[in-house]
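Residues per chain are reported as follows:
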Amino acid sequence: MEEFPLDVIRNFSIIAHIDHGKSTLADRCAFCLTGTIKKKETGKNEQVLDKLKVERERGITVYDKHSARYAHSFSISMVHSSNGKSHLLNLIDTPGHVDFAWEVSRSLAACQGALLLVDASQGVQAQSISVFHIAKERGLTIIPVLNKIDLPAAQPERIAAQMQSTFGINPADILSISAKTGKGVESVLQAVIDRIPAPQSDRDAPAKAFLFDSLYDRYRGVISLVNIQNGILRKGDKIASCHTRKKYEIAEIGIMYPEEVSTDILCPGQVGYIACNMKESSEAHIGDTLHRVGEPVPPMPGFKPSKAMVYAGIFPVDSSDFPKLEESIKRLTLTDRSVTFQRESSSALGQGTRLGFLGTLHMDVFRQRLEDEYDANIIITAPTVPYKVLYRDGTEKFISNPTEFPDMSDSTTKVSEIQEPIVKASIIVPEEYFGDMMELCYSRRAEELDHRYLDAGSDASSSRIILTCVIPLSEIVTDFFDQLKSRSSGFASFDYEDAGYQKSDLAKMVFLLNGKPVDALALIVHRSAQDTIGRAWVKKLHKVIPRQLFEVPIQAAIGKKVIARETLSANRADVTAGLYGGHYERKLKHLENQKEGKKRLKRIGTVDLPQEAFFDILKR
């Protein structure tokens, strides 16, 4: 490692939308050009950087949900010869999805440049724009690359003009490649060496390492991925964390080439891993600074812990499976430090857990991994977001569970106002679908709508518009993305970034079965949509609840006011079937007795909502 001084080191990342060929390009660079990945090692799994089943199915890079057993390198070191010199190229992989924006920001802090990869057939997409802005804020050198030029539908000239209008990039600087065939990829590595500056570090300064990611190994504990800012770290050094103040001894140190290769030393500007007997992934904070014990250094600026933005309750379909489910979740959270975990009990669903996620994709991937890797059969409650409740005495509290939400009609709660999280959303859509997108945004309480043309095509179908708006996060965590794709025939791309909190008129909606509330079905709704949501959910319940021996009123209520109702009629036995002849009062007597019995049943009877009914409701 000491043979690679600062002037031959390049640390870079790849910015790309989903399915624009980022993993293919990384594999092509490491496999064909630098020889980092041997052909015999790849086997049937064509993409070395995407090992998880969910990654290959969805065409995404799952950032911090992995096991070391998958060898999914978030940094990969490559040695490439140019002009008679061997260069050490460190590719620091990042996801393109907004759910992981904080982790992306910290990973880019370890880089000096980035490849902006755009599909020559699909053009610029929303997620590329947001990550591009993060990279520019960090002062990274951007190398624009057009991929998939070998496709029949590729339009490199038009997409290059689009990149110029969107990013302000000179079309002459754009590299045209095909990562699949290898055409032009050699020029990408040369551009990385020529255009991206070497890291600025001081070999003689006290050791300072920037922790930009971590993974978990069941035998060695947490493996931290670090970028050496200053000084040198060696095996056996005692180090400390600036954030937790905990001390560790480096048991192993090395680089990802692409598997872990022990080197016993990491020098300034280099990227690698350290194993230091860190027991829990919660100790490895993204953005933390590590230093040698007794030689304190100023921490990297801008550090803050990641926070959950979407919460959901997870319950086993069979309540006896809860211990197994809890163990499965704990094992997954060992490798995913950004998931918050808390036990929850519901009178209707039994024992379960309440988990916090970075976003809806994060939640969906976590659910899929539970089902794929642990064969879990689960029910997920409707996702909620953290609301901020401000009290009259100046205190504030964050609430994500609808059962804890205060009743605004009750004057004893001492609540002054309630605020909800909002996001700044960007939607890129062909012009012909623009009206549908505007209608969708307005129906979800969007404000500050604005739009501009990305490019002006020869016909309406080739002109694309970027629509920006401010929208409550609660409006996009359920079926917004499905509606977006449905209304745009799959052509729209969507991205958003956190925009803080704003005051909102919210209320807790509870559902009553025979006058008794069902806690697992409680919702937090905006007053403007309370009637629509109340009627829709009451009709859902009416369809799935089995009929009882007595009449069951199904009600949606806010405070003490019932806003929607459906009545589930009773199962009735024909009590007059055995009567033949006689006065009609004989029949009347039997019917009156039945009526009294059903009144008594309704007064003392309980309605058990079966698990199947919950599963059916929450699945829709």
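Before any of the text, the structure's been laid out above.
Quick summary incoming for the structure in this document. The residue numbers shown here count from 1 along each chain, following its written sequence. With pLDDT at 70 or above as the cut-off, local features in this predicted model cover only qualifying residues; side-chain atom pairs require 80 or more to be listed or tallied, and sums for whole chains, interfaces and linings still use all residues. As a rule here, side-chain values come from all non-hydrogen atoms in the structure, and water together with hydrogens is ignored.

## A closer look at the overall build of the chain
In DSSP terms, a helix is any run of H or I states spanning at least four residues, a strand is any run of E spanning at least two, and both are numbered starting from the N terminus. Helix and strand counts for the chain stand at 14 helices and 31 strands. When burial is assessed residue by residue, the chain has 55% of its 620 residues classed as buried. Between two residues, a contact is recorded if the distance between any of their heavy atoms is within 4.5 Å. Residue pairs in contact within the chain that sit at least 24 positions apart in sequence constitute 71% of those at least 6 positions apart. Computed with the Shrake-Rupley method and a 1.4 Å probe, the accessible areas treat only the protein chains shown as cover for residues. Of the roughly 27,600 Å² that the chain leaves accessible, carbon and sulfur atoms contribute 48%. Partly exposed residues are those whose accessible area sits between 20% and 50% of the maximum for their type, while under 20% is buried and over 50% is exposed, using a 1.4 Å probe and protein chains only.

## Structural notes on helix H6 (residues 156-167)
Along its twelve residues, H6 runs 16 Å from first to last C-alpha, staying within 8% of the 16 Å computed at 1.5 Å per residue. For H6, the complete set of buried residues consists of Ile159, Ala160, Gln162, Met163, Thr166 and Phe167. Within H6, the buried residues cover an arc of 155 degrees as seen down the axis, which keeps them to one side. The inward-facing, buried residues of H6 contact strand S4 (113-119), helix H5 (126-137), strand S5 (141-147), strand S24 (447-455) and strand S25 (464-472). Gly168 sits one or two residues past H6 and shows a positive phi near 70 degrees. Here the expected span of a helix is defined as 1.5 Å times the quantity of residues minus one. Along the arc lie the directions from the helix axis toward the C-beta atoms.

## Structural notes on the pattern of salt bridges
The salt bridge definition used is simple: a Lys or Arg side-chain nitrogen within 4 Å of an Asp or Glu carboxyl oxygen. Overall, the coordinates contain 17 salt bridges when judged by the stated rule. Between Glu260 and Arg220 there is a salt bridge, with its nearest N and O atoms 2.5 Å apart. Of this pair, Glu260 sits in strand S13 (residues 260-262) while Arg220 sits in the loop between strand S7 (208-217) and strand S8 (221-230), and the two are 40 residues apart along the sequence. The class for Glu260 is partly exposed, based on a relative accessible area of 26%. We classify Arg220 as partly exposed; its relative accessible area is 25%.

## Observations regarding the packing of aromatic side chains
Each Phe, Tyr or Trp ring, with Trp reduced to its six-membered ring, pairs with another whose centre is within 6.5 Å; inter-plane angles below 30 degrees give stacked pairs, above 60 give edge-to-face pairs, and intermediate values give tilted ones. Applying the stated criterion across every chain yields a total of eight aromatic pairs. Plain terms: the ring middles of Phe398 and Tyr501 are 5.8 Å apart, the flat faces sit at 65 degrees to each other, and that makes the pair edge-to-face. Remark: Tyr501 occurs in strand S26 (residues 493-503) and Phe398 occurs in strand S22 (residues 396-399); sequence separation between them is 103 residues. For Phe398, a relative accessible area of 46% puts it in the partly exposed group. Members of the aromatic cluster, connected to one another through ring pairs, are Phe480, Phe494 and Tyr496. As a reminder, the over-ring test applies to NZ of lysine and CZ of arginine, requiring each to be within 6 Å of the ring centre and within 35 degrees of the ring normal. Geometry around Tyr501 places Lys388 over its ring, the cationic atom sitting 4.8 Å from the centre.

## Concerning the sheet that holds strand S19 (residues 350-357)
Strand order in the open sheet formed by four strands is S18-S19-S17-S20, with antiparallel pairing between adjacent strands. Each end of this open sheet is capped by a strand with a single partner; those strands are strand S18 (340-346) and strand S20 (378-380). The average angle at which neighbouring strand axes cross in this sheet is 30 degrees, direction not considered. Two strands qualify as a pair provided DSSP detects at least 2 bridges between them. Note on geometry: axes are C-alpha line fits, over the in-contact stretch for helices, and angles between N-to-C directions span 0 to 180 degrees.

## A word on the sheet that holds strand S11 (residues 247-249)
Read across the sheet, eight strands follow the order S11-S10-S16-S7-S8-S15-S12-S13 without closing on themselves; strand pairing throughout is antiparallel. Since the sheet does not close on itself, it has two edges, and those belong to S11 and S13, each with one partner. Going from strand to strand, the sheet's axes swing by 40 degrees on average, the running direction of each strand aside.

## Notes on unusual backbone geometry
Within the chain, Arg245 stands out as a residue other than glycine whose phi angle is a positive 65 degrees. As for its placement among the helices and strands, Arg245 is situated in the loop between strand S10 (238-241) and S11. A relative accessible area of 63% means that Arg245 is categorised as exposed. The residue Glu448 is not glycine, and still its phi comes out positive at about 55 degrees. Structurally, the position occupied by Glu448 is in strand S24.

## Focus: the environment of Ser346
Among the structural elements, Ser346 can be located in strand S18. For Ser346, a relative accessible area of 8% translates into the label buried. In sequence terms Ser346 and Ala520 are 174 residues apart; their C-alpha atoms lie 6.2 Å from each other.

## Remarks on the nonpolar core
Nonpolar core, defined: a set of buried Ala, Val, Leu, Ile, Met, Phe, Trp, Tyr and Cys residues in which side-chain atoms within 4.5 Å join the residues together. Core analysis: the largest hydrophobic core is formed by 47 residues, its most contacted members being Leu370 and Ile427. At six residues, strand S23 (residues 415-430) tops the list of elements feeding residues into this core. With near-sequence residues (within four places) excluded, Ile427 lies in contact with Met437, Cys441, Ile465, Ile466, Leu467, Phe480, Leu484, Ala492, Ser493 and Phe494. Leu108, Ala120, Ala160 and Ile466 belong to the second-largest nonpolar core, a separate cluster that totals 41 residues.

## Observations concerning the environment of Glu497
By the secondary structure assignment, Glu497 is in strand S26. Using a relative accessible area of 44% as the deciding quantity, one classes Glu497 as partly exposed. It is 9.7 Å that separates the C-alpha atoms of Glu497 and Val470, two residues lying 27 residues apart in sequence.

## Points about the pairing of S5
With six of seven residues buried, S5 lies mostly within the body of the structure. Two elements, S4 and S5, share seven bridges in a ladder whose sense is parallel. Note that in S5 the partner of Asp119 across the bridge is Asn147. Here, the term right-handed applies to a crossover whose path from the first strand over the helix to the second runs clockwise when the strands point away from the viewer. Between the parallel pair S4 and S5, the chain is carried across by H5, and the sense of this crossover is right-handed. For S5 and strand S6 (residues 175-176), the ladder comprises two bridges, and the chain directions are parallel. Bridging from a neighbouring strand, Val145 pairs with Leu175 of S6. Since S5 and S6 lie parallel, the crossover through H6 that links them has a hand, and here it is right-handed.

## Concerning the environment of Val104
Its place among the elements puts Val104 in helix H4 (residues 101-108). What makes Val104 buried here is its relative accessible area of 1%. Taking the C-alpha atoms as reference points, Val104 and Phe212, 108 residues apart in sequence, are found 9.1 Å from one another.

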